[in-house]
Amino acid sequence: MRKNFLFGLMGCLVVFAACSNKKADTGTVDEKFKIKVQQVAIQEVEQLYEYTAIIQAEAVNNIAPLTGGRIDKIFVEVGDYVTKGQVLVQMNENSLKQTKSQLDNLKTSFKRIDELYKVGGVSKSDWDAMKTNLDVTQTSYDNLLENTQLLSPLNGVITARNYDSGDLYGGLPVVQVQQINPVKMLINISEALFTKVKVGMPVDILVDAYDGEVFKGKVSLIYPTIDGTTHTFPVEIQLPNGDRRVRPGMYARVTINFGMVNHIVVPDEAIYRQQGSGNRYVYVYDNGRIFFKQVQLGRHLDTKYELLNEDIKDGVYLATSGLARLKDSLEVDIEK
């Protein structure tokens, strides 16, 4: 009976081993990860660069006298449009009138001495002293005249008024006038474009206050130095504003067209965005493997991106599926 038990046990082991071998023989081999790929190509891409800016007045003038005194009359209010040479403020005239009286007396005295000097009636030193006194008084009068009637130095709009008629001048500008035709914007452009920016280049400007309307401006000034920290340089944009619709302080977007260049373009689905960073990557397919490569993106063109990398060439294949599960140097199969 014991012998029968042993034969039975051995039979079971043989059957178990046979089953195990059969299972091993028919087991499936791990398959490679399947991906979709797309071949990239060179395409002409319009080089449009957008910059944000705050609209500024072309010029800002603070109107104030050189010396203190009483403000007799302010002729303008905030929001008034003024022209160059227009009287904005009348200061008290007492000092001006006194100086004018002195000037008139000196002119009369000098005329008399000048006639005597011509016939030898007075010395050259007396004539010189009187002429110097007259010139000094004339200069003083001219300064007082300029600072008694305060004129607008430009065509513009009154944007501030700090006093009322009858106040004593206390140091702040009496009024402020800003030239708003044209207006200007200051943008910072990458040093890589320094040789491409030219004075007079046309630009398109979108102003947030006028949704979708395109205003036409131009590059008016290029600053000659590069910021060593940001590697940018300032450029001034000028915008004609004859209807005065655009106002200082408005938010604007400036677009400059630097022409066409040939760059690689890739589909949106080939771009892998790494979480927690602003880095962008692609997976390059090469001879059965894929390779991780960081890329620099240019413009977004409908369903594609412009690549600024020079190391990704025309005709390269990029993975377009399963990007989150891929890793560098992974062996893959192309999905048919």
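Right above here is the structure, for reference.
Rules used throughout
Residues numbered from 1 in each chain as written. Predicted model: local features only at pLDDT ≥ 70, side-chain atom pairs only at ≥ 80, totals over all residues. Heavy atoms only, no water. Pairing = 2+ DSSP bridges. Helix = DSSP H or I, 4+ residues; strand = E, 2+ residues; numbered from the N terminus. Axes fitted to C-alpha atoms, helices over the stretch in contact; angles between N-to-C directions. Contact = heavy atoms within 4.5 Å. Parallel < 35°, antiparallel > 145°, perpendicular 65-115°, else oblique. Left-handed = near helix turned anticlockwise from the far one by under 90°. Nonpolar A, V, L, I, M, F, W, Y, C, P; charged D, E, K, R; others polar. Expected span 1.5 Å × (residues − 1). Buried < 20%, exposed > 50% of the residue type's maximum accessible area, 1.4 Å probe, protein only. Core = buried A, V, L, I, M, F, W, Y, C linked by side-chain atoms within 4.5 Å. Polar contact = N/O pair within 3.5 Å; in protein donor to acceptor, adjacent residues only side chain to side chain. Salt bridge = Lys/Arg side-chain N within 4 Å of Asp/Glu carboxyl O. Phe/Tyr/Trp six-rings, centres within 6.5 Å; stacked < 30°, edge-to-face > 60°. Lys, Arg positive; Asp, Glu negative; His and termini not counted.

**Student:** Tell me about the sheet that holds strand β5 (residues 71–74), and name the residues and values.
**Tutor:** Strand order in this open sheet of three strands is β5-β7-β8, and the pairing throughout is antiparallel. In this open sheet, the two strands that pair with only one neighbour each are β5 and β8 (149–151). Each adjacent strand pair in this sheet contributes to an overall mean axis angle of 20 degrees, direction not counted. Relative to β8, strand β7 (residues 87–91) runs antiparallel, the two sharing three bridges.

**Student:** Residues and numbers for the environment of Pro182, please.
**Tutor:** When you line up the elements, Pro182 lands in strand β10 (residues 175–190). C-alpha separation for the pair Pro182 and Val246, spaced 64 residues apart in sequence, amounts to 9.3 Å. When neighbours within four sequence positions are excluded, Pro182 is seen to be in contact with Glu58, Gln238, Leu239, Pro240 and Asn241.

**Student:** Residues and numbers for the packing of helix α2 (residues 94–118) against helix α3 (residues 124–146), please.
**Tutor:** For any two helices packed against each other, the geometry comes down to the angle between their axes and how far apart the axes lie. Their axes nearest at 9 Å, the elements α2 and α3 cross at an angle of 155 degrees. It follows that α2 is roughly antiparallel to α3 by the angle criterion. At the point where α2 passes α3, the crossing takes the left-handed sense. Classifying every residue of the contact of α2 with α3 gives 12 nonpolar, eight polar and five charged.

**Student:** Go over α3 with me, naming the residues and quoting the values.
**Tutor:** The terminal C-alpha atoms of α3 lie 33 Å apart, and with 23 residues this matches the ideal 33 Å at 1.5 Å per residue to within 8%. Every buried residue of α3 is accounted for by Trp127, Met130, Leu134, Thr137 and Tyr141. On the buried face of α3, the contacting elements are α2.

**Student:** With reference to specific residues and values, describe the nonpolar core.
**Tutor:** The biggest cluster of nonpolar side chains holds 27 residues, and the ones touching the most others in it are Met185, Ile187, Ile189, Ile205, Ile237 and Ile256. When contributions to this core are tallied by element, the ones reaching two or more residues are β3 (41–54), β10, β11 (202–207), β12 (214–222), β13 (232–239) and β14 (251–267). Non-local contacts of Ile205, meaning those with residues more than four positions away in its chain, are made with Met185, Glu213, Val214, Phe215, Gly217, Ile237, Leu239, Ala252, Arg253 and Val254. Among the nonpolar cores identified, the runner-up in size contains 16 residues, and Ile74, Ile158, Tyr163 and Val174 belong to it.

**Student:** Can you explain the side chain of Thr137? Please cite residues and give values.
**Tutor:** Topologically, Thr137 is positioned in helix α3. A relative accessible area of 9% means that Thr137 is categorised as buried. A polar contact is formed between the side chain of Thr137 and the backbone oxygen of Asn133, at a distance of 2.9 Å. The residues touching Thr137, leaving out its near neighbours within four places in the chain, are Thr99, Gln102, Leu103 and Leu106.

**Student:** Go over the pattern of salt bridges, please, and point to the residues and values.
**Tutor:** Pairs may arise between side chains of opposite charge once their charged atoms sit close together. Applying the stated criterion to the full structure yields 12 salt bridges. Between Asp204 and Lys216 there is a salt bridge; the shortest N-O distance is 2.7 Å. Of this pair, Asp204 sits in strand β11 while Lys216 is found in strand β12, placing the two residues 12 residues apart along the sequence. The partly exposed category is assigned to Asp204, whose relative accessible area is 32%.

**Student:** Pulling in residues and values, what's your account of the packing of aromatic side chains?
**Tutor:** For the structure on display, the rule yields 10 aromatic pairs. Arranged with centres 5.5 Å apart and planes meeting at 50 degrees, the rings of Phe110 and Trp127 form a pair that is tilted. Linking Phe110 in helix α2 with Trp127 in helix α3, this pair joins segments that are 17 residues apart in sequence. You can call Trp127 buried: its relative accessible area is 18%. With centroids separated by 6.4 Å and ring planes inclined at 45 degrees, the aromatic side chains of Tyr272 and Tyr283 adopt a geometry described as tilted. One end of the pair, Tyr272, is in strand β15 (residues 272–273); the other, Tyr283, is in strand β16 (residues 280–286), with 11 residues separating them in the sequence. For Tyr272, a relative accessible area of 22% translates into the label partly exposed.

**Student:** An account of unusual backbone geometry is requested, with residue identities and associated values reported.
**Tutor:** Note that the residue after Asn181, namely Pro182, is joined by a cis bond; omega there is 5 degrees. For Asn287, which is not glycine, the phi torsion reads 55 degrees and is therefore positive. Mapped onto the elements of the fold, Asn287 is located in the loop between β16 and β17 (289–295).

**Student:** For the side chain of Glu306, give the residues involved together with the corresponding values.
**Tutor:** With respect to the helices and strands, the residue Glu306 is situated in strand β19 (residues 304–307). For Glu306, which is buried and forms no salt bridge, the nearest opposite charge comes from Arg299, at a distance of 5.6 Å. Separated by 3.0 Å, the side chains of Glu306 and Gln47 make a polar contact. A distance of 2.5 Å separates a polar atom in the side chain of Glu306 from a polar atom in the side chain of His263. Among all residues touching Glu306, those that are not within four sequence positions of it are Val45, Gln47, Val261, His263, Ile264, Val265, Gln296, Leu297, Gly298 and Arg299.

**Student:** An account of the pairing of β11 is requested, with residue identities and associated values reported.
**Tutor:** Side chains Val203, Ile205 and Val207 of β11 all project onto a buried face; the interleaved residues Pro202, Asp204 and Leu206 project onto a face where none is buried. Hairpin remark: β11 followed by β12, antiparallel, with six residues in the connecting loop; positive phi at Gly212, about 85 degrees. When β11 meets β14, the two strands line up antiparallel, connected through five bridges. In the sheet register, Val203 faces β14, and the bridge partner there is Ile256.

Worth remembering: the numbers are spatial, not functional.
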